[in-house]
Amino acid sequence: MTPLLTAERLSKSFGGVQAVKDLSFDVGEGEMLALIGPNGAGKTTVFALLSGFLRPDAGDVRLRGHSLVGEKPHAIVARGLARTFQIVRPFPRLTVLRNVMVGALARHPHPPTAEARARAVLDEVGLGGASHRPAGALTLAERKRLELARALATEPALLLLDEVMAGLNDAETERIVELVRGINARGVAILLIEHVMRAVMALAQRIVVISGGERIADGRPDTIARDPRVIEAYLGDEHVDAAPA
Amino acid sequence: MRWAGAAALAALLVLPALASSYVVTVFIFIFFYAYLGQAWNIVGGYAGQLSAGHAAFVGLGAYTAVVLSLRAGLSPWLGMLVGAALSAVLGAVIGFLGFRFGLRGFYFVLLTVAFAEVCRIVALNVDAVGGALGLYITFTGNPWQFQFQDNRVYYYIALAFLLLATGVVALLERHRAGIYLSAIREDEMASEALGVDAFRYKMLAMVVSSFLTGLGGTFYAYYLFSLQPNAVFGIPLSVEIIIRPIVGGAGTLAGPILGAFIVSPLQELSRLYFSGGGWHGAHLIAYGVLLIVVVLFLPQGAYPYVRRILGRARA
């Protein structure tokens, strides 16, 4: 079976810094894949390359066999790939409902239909009660869920989630984990960037580890956790974290 | 809100029968600048692309209609459409340069000002369109030449223009395009990640806005019976166009109208009281102070506050 998404030998440099180097991986239909790696490993750059916000210097991205390289972000959304941003980007002066409608309009150009879709998505993520508040008035946890809801409203086949759990407390993280699991259970493939390892281990069916822009491991969560290269890459990271401030 | 609007419209329709010619004139200017403000509102308010050169479209629309009338004998009613179409083309050129090459914020402001200034300098130096003297229209009172004996006809035309532009914006608000434009204004990158073709919708906003603004140019020329490059292409007119929607509430349907009913009477009063005795130009200072007050205390314009007060009165 051909994978849903194929990233093939992707490379991207910024000036003299090679952010992504010869990176290949794929995501199957309905799969939940996590992309992990230490800070600065190039994860967010990978998302930008997949979603059309950056153009790769070399390599190809294909969604159901169709190359996405050179396509604009909005066209990629229409093909069924949606993303969230690590730093959430709500439309602050629009209501929560309007925010989600913008996503829903991608599939339902008629505003009343898009509104009905948006309400359904808001109920799913538990923001139904906040639909008439301006998005700028939401808490961080609510904004994270709004970010997810907007992307979900575009009805993607593949959803790229960039650290939707960062900065949340345990209870909030638990809710998002349940939410993401539910979305995936409906058949939406998910590519997850996440630092919260508990969430990654709970959610991902497969994990791709990158470090310095290169893939260093690809496998099931239990094997990844024992991989010496992964431990090495992360130990350096933990060592930095453990150093006295 | 709808009833209030209908009642206000009914009052405006009967007003010329009761009011003095002076009051009618004041209202003509309120409607006309509210119209231009509403046209600007599409690109400047909804889409959040701050054009500070909308005078270019007024001037191009006005010059086109007047030159076609003087040289080719074309009725300004038709010339008006040609002028609006040319303005839309100019708007598309400015929009393409700005949006294709990612000029945002102040850079887009500068681009639009630069185009208006180029238009002004060209009009100043091309004798075929009157050069620095401009163009004068001889009064004939012929309606087919967009000329009327009775001031009240201009009143109704200006009101019709305002209703037209407001109708276009109301339609936009209910359409996908209007929602997309406000998303682009709030966060362009986030909107693209949700499937919005930001370039296409910004172009649409610019073209519709410049078309309507160009249409207004003909009214301007035939109401004042003359055209001078510095007046119709100048930065002061661009500022006049922007100030009302910003005072009233940019990106809202009622904002430009509310702004016109606030700014134009203020302007008129300051002109009445400060026109003599060495106070010449003081109305411009009053204007500047008003703008500062709005930016400091009503950054969203007056409309959100008015709506809140109306909502409280009903509750």
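A. Structural context of the overall build of chain A. When helices and strands are counted, chain A shows 9 helices and 10 strands. For 245 residues, the compact-globule estimate of 2.2 N^0.38 gives 18 Å, and chain A sits close to it at 18 Å. Considered along the principal axes of its C-alpha atoms, chain A spans approximately 50 × 45 × 35 Å. Contacts in chain A between residues far apart in sequence, at least 24 positions, make up 64% of those at least 6 positions apart.

B. Region of the structure containing the packing of helix 4 (residues 111–125) of chain A against helix 5 (residues 140–153) of chain A. All names here are of chain A. Running from amino to carboxyl end, helix 4 crosses helix 5 at an angle of 140 degrees, the nearest separation of the two axes being 9 Å. In terms of axis orientation, helix 4 runs oblique to helix 5. The chirality of how helix 4 crosses helix 5 is right-handed. The residues of helix 5 that touch helix 4, namely those facing Arg117, Ala118, Val121, Leu122 and Val125, are Arg145, Leu148, Ala149, Leu152 and Ala153.

C. Seen up close, the sheet that holds strand 6 (residues 81–83) of chain A. All names here are of chain A. Read across the open sheet, the 6 strands follow the order 6-7-8-3-9-10; overall the sheet is mixed. Each having just a single partner strand, strand 6 and strand 10 (214–219) make up the two edges of the open sheet. The mean angle between the axes of side-by-side strands here comes to 15 degrees, regardless of whether they run parallel or antiparallel. Sheet topology note: the strand 9 (residues 206–211)/strand 10 ladder contains 5 bridges and is antiparallel. Residue valine 208 lies in a different strand from strand 10, and its bridge partner there is aspartate 218. Across the face of the sheet, helix 1 (residues 43–50) comes into contact with strand 3 (32–36), strand 6, strand 7 (158–162), strand 8 (189–193) and strand 9 while running at roughly 150 degrees to strand 7.

D. Broad picture of the environment of glycine 259 of chain B. In this fold, glycine 259 of chain B is placed in helix 12 (residues 255–274). With near-sequence residues (within four places) excluded, glycine 259 of chain B lies in contact with Gly37, Arg244, Pro245, Ile246, Val247, Gly248 and Gly301 of chain B.

E. Structural view of the pairing of strand 7 of chain A. Residues and elements named next belong to chain A. Counting buried residues in strand 7 gives 5 out of 5 residues, a clear majority hidden from the surface. Where burial is concerned, the two faces of strand 7 agree: the one with Leu158, Leu160 and Asp162 and the one with Leu159 and Leu161 are both buried. Of the pairings in the sheet, the one linking strand 6 to strand 7 comprises 3 bridges and is parallel in character. Residue pairing in the sheet places alanine 82 in a bridge with leucine 159 of strand 7. On the question of chirality, the crossover connecting strand 7 to the parallel strand 8 by way of helix 6 (residues 170–185) is right-handed.

F. Region of interest: helix 1 (residues 2–18) of chain B. A rise of 1.5 Å per residue sets the reference length of helix 1 of chain B, with its 17 residues, at 24 Å; its end C-alpha atoms lie 25 Å apart and thus fit the reference within 8%. Among the 17 residues in helix 1 of chain B, 1 count as buried, and that is only a small part of the element.

G. Examining unusual backbone geometry more closely. A positive phi angle, close to 50 degrees, is found at arginine 9 of chain A, a residue other than glycine. The topology assignment puts arginine 9 of chain A in strand 1 (residues 5–14). A positive phi angle, close to 60 degrees, is found at phenylalanine 146 of chain B, a residue other than glycine. Checked against the element boundaries, phenylalanine 146 of chain B lands in the loop between strand 1 (135–136) and helix 6 (151–174).

H. Spotlight on the environment of leucine 224 of chain B. Its location among the elements puts leucine 224 of chain B in helix 9 (residues 198–224). A sequence separation of 61 residues divides leucine 224 of chain B from leucine 163 of chain B, and the C-alpha atoms of the two residues are 21 Å apart.

I. Summary view of the interface of chain B and chain A. At the junction of the two partners, chain B supplies 17 residues and chain A supplies 22 residues. Every element with two or more residues in the side of chain B that touches chain A is listed here: helix 7 (176–186) and helix 8 (188–193) of chain B. For the side of chain B that touches chain A, the leading source of residues is helix 7 of chain B, giving 6 residues.

J. Region of interest: the sheet that holds strand 4 (residues 58–63) of chain A. Residues and elements named next belong to chain A. Pairing is antiparallel across the open sheet formed by 4 strands, whose spatial order is 2-1-4-5. Each having just a single partner strand, strand 2 (17–27) and strand 5 (66–67) make up the two edges of the open sheet. Where strand 4 lies against strand 5, 2 bridges are found, and the strand directions are antiparallel. Across the sheet, residue leucine 63 finds its bridge partner in strand 5, namely histidine 66. Helix-sheet contacts for helix 1 involve strand 1, strand 2 and strand 4, and the interaxial angle to strand 2 is about 65 degrees.

K. How the structure looks around helix 1 of chain A. Residues and elements named next belong to chain A. Counting buried positions along helix 1 yields 7 of 8 residues, so the element is predominantly enclosed. Considered for burial, the residues of helix 1 that qualify are Lys43, Thr45, Val46, Phe47, Ala48, Leu49 and Leu50. Positive phi appears at glycine 52, one or two residues downstream of helix 1, with a value of about 90 degrees.

L. Summary view of the nonpolar core. Ranked by size, the top nonpolar core spans 168 residues in total, and within it Leu192 of chain A together with Phe31 and Ala158 of chain B carry the most contacts. With residues up to four places along the chain from it excluded, the contact list for leucine 192 of chain A reads Met32, Leu33, Ala34, Leu35, Leu161, Val200, Leu203 and Ala204 of chain A.

Thresholds applied
Residues numbered from 1 in each chain as written. Chains lettered and ligands numbered in written order. Predicted model: local features only at pLDDT ≥ 70, side-chain atom pairs only at ≥ 80, totals over all residues. Helix = DSSP H or I, 4+ residues; strand = E, 2+ residues; numbered from the N terminus. Rg over C-alpha atoms; globule rule 2.2 N^0.38 Å. Contact = placed C-beta atoms within 7 Å. Axes fitted to C-alpha atoms, helices over the stretch in contact; angles between N-to-C directions. Parallel < 35°, antiparallel > 145°, perpendicular 65-115°, else oblique. Left-handed = near helix turned anticlockwise from the far one by under 90°. Pairing = 2+ DSSP bridges. Buried ≥ 20, exposed ≤ 12 C-beta atoms within 10 Å, placed from the backbone. Right-handed = clockwise from strand over helix to strand, strands pointing away. Expected span 1.5 Å × (residues − 1). Core = buried A, V, L, I, M, F, W, Y, C linked by C-beta atoms within 7 Å.

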